[in-house]
Amino acid sequence: MAQDARVRYTRRVIQETFVELLREMPLNKVTVKEICRRGEINRATFYRHYADPYDLMEKIEKGLLEQLEEYVEQSVADGFQKTMEGMLRQVVKNSGMYRVIVSGNGDPRFSQRLSELCWRRLSGQLAARFPGLSAARRRWLYEFLAQGCSGILQSWMAGGMAEPPEETAAFMARLKEQVEFAAERLQTDGK
């Protein structure tokens, strides 16, 4: 048990130090040497957990995506707004990591990976709701919604997450309803 606590502590120190460095410089400039110096750990300790800074970034992202995926799976029956509220609360809980990952110093692929995760969970629902739209148009609909939500999320984060998750999620839900209303019209118009 004590060893598990030490391992968790060491990983937390490495990750927090890594995030601090990413606030200052892009991922390709972060070195193991600097992580170890700032985190006051030796290189062997770092390499016991991670291969390099890219592996560290990958593992952080994987953990965040797994948390979000688990939440989405548990809450999708609660509807879009409640699911978004929960996701936004997760972002607040891990705000330091999320802010850095989506920043210019982070990983530009993270947003795409999150979008793909959501597409896997929601594509079946879109097919059931919009059977009159082709598969390509359902994907376009999804991309339109996802990019809009992603933009709101990034703006919300950049603004210091001042608005409560509930308010932000409600705004997203209202926009989603309007877009879906338009998609229903396109479906019935045969376009």
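This one's a predicted model, so the numbers in the text were calculated from it and none came from an experiment.

Engineer: Got a minute to help me understand the confidence of the model for the protein in this structure?
Structural biologist: Residues of the protein with pLDDT of at least 70 account for 97%, and the chain-wide mean is 87. When the elements of the protein are averaged for pLDDT, helix H7 (residues 109-129) gives the smallest value, 82, and helix H2 (residues 32-39) the largest, 96.

Engineer: What's the story with the nonpolar core in this structure? I'm lost.
Structural biologist: One recurring pattern in soluble globular proteins is that nonpolar side chains are buried together. If you look at the biggest cluster of nonpolar residues, it comprises 49 residues, and the most contacted ones within it are Phe18, Ile35, Phe46, Leu56 and Leu141. Contributions of two or more residues to this core are made by helix H1 (2-24), H2, helix H4 (53-75), helix H5 (80-93), helix H6 (95-101), H7, helix H8 (135-158) and helix H9 (165-189). Broken down by element, the residue count for this core peaks at eight residues, all from H8. Setting aside chain neighbours within four positions, we find Phe46 in contact with Ile14, Val32, Ile35, Cys36, Ile41, Ala51, Asp52, Pro53 and Leu56.

Engineer: Help me out: how do you make sense of the packing of aromatic side chains in this one?
Structural biologist: The geometry of an aromatic ring pair is captured by two quantities: the separation of the ring centres and the angle between the planes. This structure, assessed with the given rule, holds four aromatic pairs. With a centroid separation of 5.7 Å and an interplanar angle of 45°, the aromatic rings of Phe46 and Tyr50 are classed as tilted. Relative accessible area serves as the criterion here: at 0%, Phe46 is assigned to the buried category. Accessibility expressed as a relative area gives 4% for Tyr50, which makes it buried.

Engineer: Mind showing me how you'd approach H4 here?
Structural biologist: In an α-helix, one turn spans 3.6 residues; hence positions three or four apart end up facing the same way. In a regular helix each residue adds 1.5 Å, so 23 residues correspond to 33 Å; H4 covers 33 Å between its end C-alpha atoms and thus fits that length. Three or more residues of H4 are buried, namely Pro53, Asp55, Leu56, Met57, Ile60, Glu61, Leu64, Leu65, Leu68, Glu69, Val72 and Ser75. Of the residues flanking the start of H4, the one acting as N-cap is Asp52, its side-chain oxygen 3.0 Å from the backbone nitrogen of Tyr54.

Engineer: Sorry, what's going on with the packing of H4 against H5 here?
Structural biologist: Each pair of packed helices gets described by two things: the angle between the helix axes and the distance between those axes. Here H4 crosses H5 at 155°, and the two axes come no closer than 10 Å. When the interaxial angle is binned, H4 and H5 end up roughly antiparallel. In this structure, the crossing between H4 and H5 has a hand that is right-handed. The segment H4 lies against H5, with Gln67, Leu68, Tyr71, Val72 and Ser75 engaging Lys82, Thr83, Gly86, Met87 and Gln90. When grouped by side-chain class, the residues that make up the contact of H4 with H5 number four nonpolar, five polar and one charged.

Engineer: Would you mind showing me how to read the packing of H4 against H7 here?
Structural biologist: Running from N to C, H4 and H7 cross one another at 25°; their axes reach a closest spacing of 11 Å. On the basis of the axis angle, H4 is roughly parallel to H7. Taken as a pair, H4 and H7 cross one another with a handedness that is right-handed. In contact with Glu58, Glu61, Lys62, Leu64, Leu65, Leu68, Glu69, Val72 and Glu73 of H4, H7 contributes Arg109, Phe110, Arg113, Leu114, Leu117, Arg120 and Arg121. Taken together, the residues of the contact of H4 with H7 sort by class into seven nonpolar, no polar and nine charged.

Engineer: I keep staring at the environment of Arg139 and nothing clicks. Help me out?
Structural biologist: Tracing the sequence through the fold places Arg139 in helix H8. Along the primary structure Arg139 and Leu126 are separated by 13 residues, whereas in three dimensions their C-alpha atoms are 8.7 Å apart. Those residues within four positions of Arg139 in sequence are excluded, and the remaining contacts are Glu116 and Trp119.

Engineer: Just to check I follow, could you spell out H7 for this structure?
Structural biologist: For H7, spanning 21 residues, the distance from its first C-alpha to its last is 29 Å, which sits close to the expected 30 Å at 1.5 Å a residue. At Leu122, H7 shows its maximal kink, close to 45°. Burial in H7 covers these residues: Phe110, Leu114, Ser115, Leu117, Cys118, Trp119 and Leu126. Next to the buried residues of H7 lie H4, H5, H6 and H8.

Engineer: What's the story with the side chain of Ser115 in this structure? I'm lost.
Structural biologist: Tracing the sequence through the fold places Ser115 in helix H7. With near-sequence residues (within four places) excluded, Ser115 lies in contact with Tyr142, Glu143 and Ala146.

Calculation notes
- Starting from 1, residues in each chain are numbered consecutively following that chain's sequence as written.
- Reporting of local features is limited, given that this is a predicted model, to residues whose pLDDT is at least 70; pairs of side-chain atoms are given and counted only at 80 or more, and all residues count toward the totals for whole chains, interfaces and linings.
- Excluded from the side-chain calculation are hydrogens and water; included are all heavy atoms of the structure.
- Per-residue confidence from the predictor is reported as pLDDT, a score between 0 and 100.
- Every helix listed is a DSSP run of H or I at least four residues long, and every strand listed is a run of E at least two residues long, numbered separately from the N terminus.
- Throughout, nonpolar core names a set of buried Ala, Val, Leu, Ile, Met, Phe, Trp, Tyr and Cys residues whose side chains join them through atoms within 4.5 Å.
- For every residue, the accessible area obtained with a 1.4 Å probe (protein chains only) is divided by the maximum for its type, and the residue is called buried under 20%, exposed over 50%, and partly exposed between those limits.
- Only heavy atoms matter for contacts: two residues are in contact if any of them lie within 4.5 Å across the pair.
- Aromatic contacts are taken between Phe, Tyr and Trp rings whose centres are within 6.5 Å, Trp giving its six-membered ring; a plane angle under 30 degrees counts as stacked, one over 60 as edge-to-face, and the others as tilted.
- Here, expected helix span is obtained from the residue count minus one, scaled by 1.5 Å.
- For the purposes of these results, a polar contact is taken to be a pair of N or O atoms within 3.5 Å, where, inside protein, one atom must be able to donate a hydrogen and its partner to accept one; residues adjacent in sequence count only when each atom of the pair is a side-chain atom.
- Here an axis means a line fitted to C-alpha atoms, over the contact stretch when the element is a helix, while the angle between two N-to-C directions is reported on a 0 to 180 degree scale.
- For classification purposes, angles smaller than 35 degrees are called roughly parallel, those larger than 145 roughly antiparallel, those between 65 and 115 roughly perpendicular, and all remaining angles oblique.
- Handedness of a crossing follows from how the near helix is turned relative to the far one, being left-handed for an anticlockwise turn of less than a right angle and right-handed for a clockwise one.
- All residues other than Ala, Val, Leu, Ile, Met, Phe, Trp, Tyr, Cys, Pro, Asp, Glu, Lys and Arg, Gly among them, are scored as polar; the first ten of these are nonpolar and the last four charged.
- A residue's bend is given by the angle between axes fitted to the 7 residues ending at it and the 7 residues starting at it.

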